[in-house]
Amino acid sequence: MERTLVLIKPDAFKRGLVGEIISRFERVGLTLEGMKILNATIEMVEKHYPDDKNWIRSVGKKTIDTYEKYNLNIIEDLGTNDALKIGQLVRKWLIQHLTSGPVLVLILSGNHAVEMVRKIVGNTVPLFAELGTIRGDFSIDSPDLSAREKRVLQNLVHASETVEEAKREISLWFANYS
Ligand code: ADP
């Protein structure tokens, strides 16, 4: 049995979607093993999203790719087309968002739970997420809109990407969980 970590983000609370999101994980057969609601500190969010240049660049690239796809002017909106600089801006917005309201932290377990939960959650960018996924069904956001509004993508949830990441994140958010 595999375990994974999910964060239900403040935008899900604002939209009243917390129960709906939990039920999507439960109905597929995943087991809810741990759950706590908290107001995340900047330090916790910084540990959760470490200052890793490769990841930061990949985040910035999502904005650049979206601007290219729709033929929009990134310099006009952000003053740069450098993936690292844009990624750093996004990380700052992400920390602001995750500390702006309550977060619900879940541990889910089950057969290939990491992969299954990522599938249920859908693509990072709600505009590109398949219908039937949480992000695809409940959000219409895109990196160009969020960049123009100087905020992070509102995509409702975080889910660990790999088994190793899940282990690290579970021990970060549930210090005494074994
Ligand atoms: P995921 O949450 O799907 O694992 P990432 O780890 O790449 O995605 O990004 C972390 C979070 O940062 C995303 O869930 C999203 O809220 C936000 N984000 C990522 N890329 C961008 C972007 N280009 N513009 C705005 N927000 C972004």
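Refer to the structure printed above.
Conventions we followed
- All residue numbers refer to positions counted from 1 along the written sequence of the respective chain.
- Per-residue local features are limited, in this predicted model, to residues with pLDDT of at least 70; the limit for side-chain atom pairs, both in listing and counting, is 80 or more; totals at the level of whole chains, interfaces and linings are taken over all residues.
- Here the side-chain values reflect all heavy atoms present in the structure, with hydrogen atoms and water set aside.
- Being paired, for any two strands, means DSSP has found at least two bridges between them.
- Runs of E in the DSSP output that reach at least two residues are strands. Runs of H or I that reach at least four are helices, and both are numbered from the N terminus.
- The angle between two axes is taken between their N-to-C directions and runs from 0 to 180 degrees, where each axis is a line fitted to C-alpha atoms and a helix contributes only its stretch in contact.
- Throughout, a residue-residue contact means that at least one pair of heavy atoms, one from each residue, lies within 4.5 Å.
- Patch membership needs two things, relative accessible area over 30% and no salt bridge, and members are linked within 9 Å if like-charged or within 5 Å if nonpolar (Val, Leu, Ile, Met, Phe, Trp, Tyr).
- Note that accessible areas follow from Shrake-Rupley with a 1.4 Å probe, and for residues the cover is restricted to the protein chains shown.
- The salt bridge criterion pairs a side-chain nitrogen of Lys or Arg with a carboxyl oxygen of Asp or Glu, the two atoms within 4 Å.
- When charges are counted, Lys and Arg are positive and Asp and Glu negative, with His and the chain ends excluded.
- For charged residues, the charge sits on one atom: NZ in Lys, CZ in Arg, CG in Asp, CD in Glu.
- Any residue with a heavy atom lying within 4 Å of a molecule or strand is counted as near it.
- For the purposes of these results, a polar contact is taken to be a pair of N or O atoms within 3.5 Å, where, inside protein, one atom must be able to donate a hydrogen and its partner to accept one; residues adjacent in sequence count only when each atom of the pair is a side-chain atom.
- Residues are sorted three ways: Asp, Glu, Lys and Arg are charged, Ala, Val, Leu, Ile, Met, Phe, Trp, Tyr, Cys and Pro are nonpolar, and all the rest, Gly among them, are polar.
- The buried label applies to any residue whose accessible area, calculated with a 1.4 Å probe on protein chains only, is under 20% of its type's maximum; exposed applies above 50%, and partly exposed to all values in between.

Quick look at the sheet that holds strand β3 (residues 103–110)
In step 1: The four strands are arranged β2-β3-β1-β4 in an open sheet whose pairing can be described as antiparallel. Every interior strand has two partners, whereas the edge strands, β2 (31–38) and β4 (157–159), have only one. Recorded for the sheet is a direction-independent mean angle of 20 degrees between the axes of neighbouring strands.
In step 2: Inspection of the sheet shows strand β1 (residues 2–8) paired to β4 by three bridges, in the antiparallel sense. Each residue of the ladder has a partner; that of Leu 7, found in β4, is His 158.
In step 3: Sheet strands in contact with helix α7 (residues 113–121) are β1, β3 and β4, and its direction is about 30 degrees off that of β1.
In step 4: Where helix α10 (residues 163–173) meets the sheet, its contacts fall on β1, β2, β3 and β4, and the angle it forms with β1 comes to roughly 60 degrees.

Regarding a negative patch on the surface
In step 1: Negative charge collects at one region of the surface, where Glu 43, Glu 46, Asp 51 and Asp 52 lie side by side.
In step 2: Inspection of the secondary structure puts Glu 46 in helix α3 (residues 42–48).

Remarks on the site of the ligand
In step 1: Around the ligand, the structure places 15 residues, and the nearest of them are Lys 9, Lys 62, Thr 63, Thr 124 and Asn 155.
In step 2: With respect to the ligand, the side chain of Lys 9 contributes an N or O atom lying 3.0 Å from an oxygen atom.
In step 3: The separation between an oxygen atom of the ligand and a polar side-chain atom of Thr 124 is 2.5 Å.
In step 4: Burial of the ligand by the surrounding chains reaches 96%, relative to a free accessible area of 530 Å².
In step 5: Secondary structure elements with two or more residues in the shell around the ligand: α4 (53–69) and α6 (83–98).
In step 6: The biggest single contributor to the shell around the ligand is α4, with four residues.
In step 7: By residue class, the composition of the shell around the ligand is seven nonpolar, four polar and four charged.

Observations concerning the side chain of Arg 151
In step 1: Tracing the backbone through its elements, the reader meets Arg 151 in the loop between α9 (143–148) and β4.
In step 2: Arg 151 gets classed as buried once you look at its relative accessible area, which sits at 19%.
In step 3: Setting aside its immediate chain neighbours within four residues, Arg 151 contacts Trp 93, Asp 141, Leu 145 and Ser 146.

So, a nonpolar patch on the surface
In step 1: A cluster of nonpolar side chains, contributed by Tyr 70, Leu 72 and Leu 127, occupies part of the molecular surface with about 240 Å² of accessible area.
In step 2: With respect to the secondary-structure elements, Tyr 70 resides in the loop between α4 and α5 (74–78).

Some remarks on the side chain of Thr 4
In step 1: Relative to the assigned elements, Thr 4 resides in strand β1.
In step 2: Judged by relative accessible area, which is 0%, Thr 4 ranks as buried.
In step 3: Setting aside residues no more than four positions away along its own chain, Thr 4 makes contact with Leu 106, Ile 107, Leu 108, Ala 113, Val 114, Val 117, Ser 160, Ala 166 and Ile 170.

Quick word on the pattern of salt bridges
In step 1: Counting across every chain of the model gives eight salt bridges.
In step 2: Here Lys 61 ties to Asp 65 by a salt bridge, and the two come within 3.1 Å at their closest N and O atoms. Placement of both Lys 61 and Asp 65 in helix α4 is noted, with a separation of four residues, approximately one turn of the helix.
In step 3: Overall, the relative accessible area of 45% leaves Lys 61 in the partly exposed class.
In step 4: Asp 65 gets classed as partly exposed once you look at its relative accessible area, which sits at 35%.
In step 5: Three or more residues joined by partner-sharing salt bridges are found here, namely Glu 20, Arg 24 and Asp 137.

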